[in-house]
Amino acid sequence: DAGVIQSPRHEVTEMGQEVTLRCKPISGHNSLFWYRQTMMRGLELLIYFNNNVPIDDSGMPEDRFSAKMPNASFSTLKIQPSEPRDSAVYFCASSSPATSGGARDTQYFGPGTRLTVL
Amino acid sequence: GEDVEQSLFLSVREGDSSVINCTYTDSSSTYLYWYKQEPGAGLQLLTYIFSNMDMKQDQRLTVLLNKKDKHLSLRIADTQTGDSAIYFCAERFSGGYNKLIFGAGTRLAVHP
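Here the structure is a predicted model, which means the values were calculated and not measured.

Engineer: I tried to follow the overall build of chain B on my own but got confused; where do I start?
Structural biologist: Helix and strand counts for chain B stand at 0 helices and 11 strands. In sequence order, chain B lays out its α and β elements as β-β-β-β-β-β-β-β-β-β-β. Its C-alpha atoms give chain B a radius of gyration of 14 Å, near enough to 13 Å, the size a compact globule of 112 residues would have. Principal-axis analysis of the C-alpha atoms gives chain B an extent of 45 × 30 × 20 Å. Here chain B holds 112 residues, and 46% of them are scored as buried. Long-range contacts, defined as pairs at least 24 residues apart, comprise 56% of the intrachain contacts of chain B with a sequence gap of at least 6.

Now the structure itself:
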């Protein structure tokens, strides 16, 4: 498997523009997580989905942020309008309750999208 | 509440052992994890331990779990420069679904 795929890897945009980050989870995984990482706040869970349904979006900073998961193989995180304080690395992760000899619910992370809002 | 705490920074000499400590709050956690993040990369699972175990060893890595004190540690033997990274402790949230609660991460710096 290719692992969790995120695109783009880097995004530079101007304040006020719409930004869409994309994620393809590992095939067969039924949970998907969006995280944000900054030096100041560390790793923050923004939202997570289980079987394509949003379970907990309490970490979403404000209404400018929205996330969707239209099917089991694709999710988006959208910021509209973007602001400089949204600059961060955004990670997507997926997991499965199946153990396959490993730990249940191990999360597998994508490489992240580095967002810079000027 | 859900909280995982780690010290933020650790510096060791190459060849020495590194010990990274973590405390957690959810006594019902079934799994505890250690993730490694190298510069510019995502988090990668390093190892994990099931809550009914006290110790797990995997090559240079030793995980110790003290359930009474809710304390988890990761020992890296013969630390190498390639071990320089941020190490995250995480617990599996027992309150439903399959969320992991991550600590803030410990930055390990290995110097000659």
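Engineer: Where do I start with the sheet that holds strand E3 (residues 18-24) of chain B in this structure?
Structural biologist: Residues and elements named next belong to chain B. Pairing in this open sheet of 5 strands is antiparallel, and the strands run E1-E3-E8-E7-E6 from one edge to the other. The strands lining the two open edges of the sheet, one partner per strand, are strand E1 (4-6) and strand E6 (55-58). Strand-to-strand twist across the sheet, computed as the mean angle between neighbouring axes with direction ignored, equals 15°. The pairing of strand E7 (residues 61-66) with strand E8 (residues 71-76) spans 6 bridges and is antiparallel. Looking across to E8, one finds that Leu61 is bridged to Ile76.

Engineer: Which parts of the structure should I look at to understand the layout of surface pockets?
Structural biologist: Where empty space is left becomes clear once a probe the size of a water molecule has been rolled over the atoms. Reported here for the largest pocket is a volume of approximately 930 Å³. Looking at the lining of the largest pocket, the elements with two or more residues in it are strand E4 (31-38), strand E5 (42-50) and strand E9 (88-95) of chain A together with strand E9 (85-92), strand E10 (100-102) and strand E11 (106-111) of chain B.

Engineer: Where do I start with the interface of chain A and chain B in this structure?
Structural biologist: A common measure of how large an interface is: the accessible area buried when the components associate. Taken together, the 25 residues of chain A in the interface contact 18 residues of chain B. Summed over both partners, the interface of chain A with chain B buries about 1,700 Å², with 55% contributed by carbon and sulfur atoms. The largest share of the area that chain A buries against chain B comes from Leu43, Asp105 and Phe109 of chain A, three residues that together contribute 24% of it. The tally of links between chain A and chain B comes to 0 salt bridges. Along the contact surface separating chain A from chain B lie 2 residue pairs in polar contact (both at pLDDT 80 or more). Those elements that provide at least two residues to the side of chain A that touches chain B are E4, E5, strand E6 (53-56) and E9 of chain A. Looking at the side of chain A that touches chain B residue by residue, the classes come out as 11 nonpolar, 10 polar and 4 charged.

Engineer: Just to check I follow, could you spell out unusual backbone geometry for this structure?
Structural biologist: Only a minority of non-glycine residues have a phi that is not negative, and only a minority of peptide bonds are not trans. A cis amide bond links Ser7 of chain A with the next residue in sequence, Pro8 of chain A, at an omega value of -10°. In this structure, Pro81 of chain A follows Gln80 of chain A across a cis peptide bond, with omega equal to -10°. For Pro81 of chain A, the position within the fold is in the loop between strand E8 (74-79) and E9. Positive phi values are uncommon outside glycine, yet Gln59 of chain B reaches one of about 55°. A positive phi angle, close to 55°, is found at Lys70 of chain B, a residue other than glycine.

Engineer: Please clarify how the pairing of E6 of chain B should be interpreted in this entry.
Structural biologist: Consecutive side chains along a regular strand alternate between the two faces of the sheet. Residue and element names in this part refer to chain B. Taken together, the 4 bridges between E6 and E7 define a ladder with antiparallel strand orientation. Note that in E7 the partner of Asp58 across the bridge is Leu61. Between E6 and E7, which pair antiparallel and follow one another directly, the connecting turn spans 2 residues, one of which, Gln59, has a positive phi of 55°.

Engineer: I tried to follow the pattern of salt bridges on my own but got confused; where do I start?
Structural biologist: Residues and elements named next belong to chain A. Tallied over the entire structure, the rule returns 11 salt bridges over all chains. Residue Glu44 is joined to Arg41 by a salt bridge in which the shortest nitrogen-to-oxygen separation is 2.9 Å. Under the relative-accessibility criterion, Glu44 is labelled buried at 15%. Here Glu62 makes a salt bridge to Arg85, at a shortest N to O gap of 3.3 Å. Taken as a pair, Glu62 in the loop between E6 and strand E7 (65-71) and Arg85 in the loop between E8 and E9 lie far apart in primary sequence, 23 residues in all. A residue is classified by how much of its surface remains accessible, and Arg85, at 53% relative accessible area, is exposed. Where salt bridges share partners, they join Glu62, Arg64, Glu83, Arg85 and Asp86 into one cluster.

Engineer: Honestly, the side chain of Glu91 of chain B in this entry has me stumped. Any pointers?
Structural biologist: Among the secondary structure elements, Glu91 of chain B is positioned in strand E9. One buried charged residue, Glu91 of chain B, remains without a salt bridge, the closest side chain of opposite sign being Lys70 of chain B at 8.6 Å.

Engineer: Can you walk me through the state of the cysteines in this structure?
Structural biologist: In protein structure, a disulfide is the covalent linkage between the sulfur atoms of two cysteines. Residues and elements named next belong to chain A. Overall, the coordinates contain 2 disulfides over all chains when judged by the stated rule. The residue that forms a disulfide with Cys23 is Cys92, at a sulfur-sulfur distance of 1.9 Å. Disulfide Cys23-Cys92: torsion about the S-S bond near -65°, hence left-handed. Taken together, the residues Cys23 in strand E3 (residues 19-24) and Cys92 in strand E9 connect sequence positions 69 residues apart.

Definitions and limits used
- Residues numbered from 1 in each chain as written.
- Chains lettered and ligands numbered in written order.
- Predicted model: local features only at pLDDT ≥ 70, side-chain atom pairs only at ≥ 80, totals over all residues.
- Heavy atoms only, no water.
- Helix = DSSP H or I, 4+ residues; strand = E, 2+ residues; numbered from the N terminus.
- Rg over C-alpha atoms; globule rule 2.2 N^0.38 Å.
- Buried < 20%, exposed > 50% of the residue type's maximum accessible area, 1.4 Å probe, protein only.
- Contact = heavy atoms within 4.5 Å.
- Pairing = 2+ DSSP bridges.
- Axes fitted to C-alpha atoms, helices over the stretch in contact; angles between N-to-C directions.
- 1 Å grid on protein atoms, 1.4 Å probe; cavity = no way out; pocket = protein on both sides within 12 Å on 5 of 7 lines; lining within 4 Å.
- Points joined across faces, edges and corners; volume = space filled by probe spheres on them.
- Buried area = accessible area lost by both parts, 1.4 Å probe.
- Salt bridge = Lys/Arg side-chain N within 4 Å of Asp/Glu carboxyl O.
- Polar contact = N/O pair within 3.5 Å; in protein donor to acceptor, adjacent residues only side chain to side chain.
- Nonpolar A, V, L, I, M, F, W, Y, C, P; charged D, E, K, R; others polar.
- Lys, Arg positive; Asp, Glu negative; His and termini not counted.
- Disulfide = S-S within 2.5 Å.

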